[in-house]
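The chain contents come next:
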Amino acid sequence: GEIDIMENIGREGPNTVHGTVHYGLDGPQHQYFESGITLSTPKTSTPSYIASLGSLNETFHTYAVERLPGVIRWYIDDIEYSSITEEEMKPYHWSFDEEFYFIFNLAVGGNWPGNPLDEASSDGDATVF
């Protein structure tokens, strides 16, 4: 399994963040659960929303995943915005109670977001504390 703590897709703008788990087998058996949240937008927007946390690209935010036996929860600035349970993943194997490695990955482009519109979109800084 793979847990993505924070994913930001540039074409969605600077205020949407996603958390994802990948599971199942490779290829056509690959499964995933993804849930996103948009900051500072009306409640009628999709995905869910949290008002007044500030833009993702203008202020610092804390992203977290809480991994407990049989459940994973995603947070931004101590506010839970998504969760998945072992029961919800059945009939697939719940591999998320096993030991994991932490990998920090800053990716540009790919199947989900597509290629950047121009080279300027990859010019920036990432600060990790």
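The structure this text deals with has already been given above.
Cut-offs applied
Residues numbered from 1 in each chain as written. Predicted model: local features only at pLDDT ≥ 70, side-chain atom pairs only at ≥ 80, totals over all residues. Heavy atoms only, no water. Salt bridge = Lys/Arg side-chain N within 4 Å of Asp/Glu carboxyl O. Buried < 20%, exposed > 50% of the residue type's maximum accessible area, 1.4 Å probe, protein only. Phe/Tyr/Trp six-rings, centres within 6.5 Å; stacked < 30°, edge-to-face > 60°. Helix = DSSP H or I, 4+ residues; strand = E, 2+ residues; numbered from the N terminus.

Caption draft 1: View of the pattern of salt bridges. Across all of its chains, the model carries 3 salt bridges by this definition. With a shortest N-O distance of 3.0 Å, Glu-66 and Arg-73 are connected by a salt bridge. The exposure class of Glu-66 is partly exposed, given its relative accessible area of 29%. Two residues, Glu-80 and Arg-73, come together in a salt bridge whose shortest N-O distance is 4.0 Å. Residue Arg-73 is classed as partly exposed on the basis of its relative accessible area, which comes to 24%. Each member of the salt-bridge network shares a partner with another, and the members are Glu-66, Arg-73 and Glu-80.

Caption draft 2: Highlighting the packing of aromatic side chains. Going through the model one piece at a time under the given rule, you end up with 4 aromatic pairs. When the centroid spacing of 5.6 Å and the interplanar angle of 65 degrees are considered together, the rings of Tyr-23 and Tyr-92 count as edge-to-face. One end of the pair, Tyr-23, is in strand β2 (residues 16-24); the other, Tyr-92, is in the segment after α1 (86-89), with 69 residues separating them in the sequence. Note on Tyr-23: relative accessible area 10%, which makes it buried. Between Phe-33 and Trp-74 the ring centres are 6.1 Å apart and the planes differ by 40 degrees, which places this aromatic pair in the tilted class. In this pair, Phe-33 is assigned in strand β3 (residues 30-39) and Trp-74 in strand β6 (residues 71-76), connecting sequence segments 41 residues apart. A residue is classified by how much of its surface remains accessible, and Trp-74, at 0% relative accessible area, is buried. Each residue in the set Trp-94, Phe-96 and Phe-100 is aromatic and connected to the rest through ring pairs, giving one cluster.

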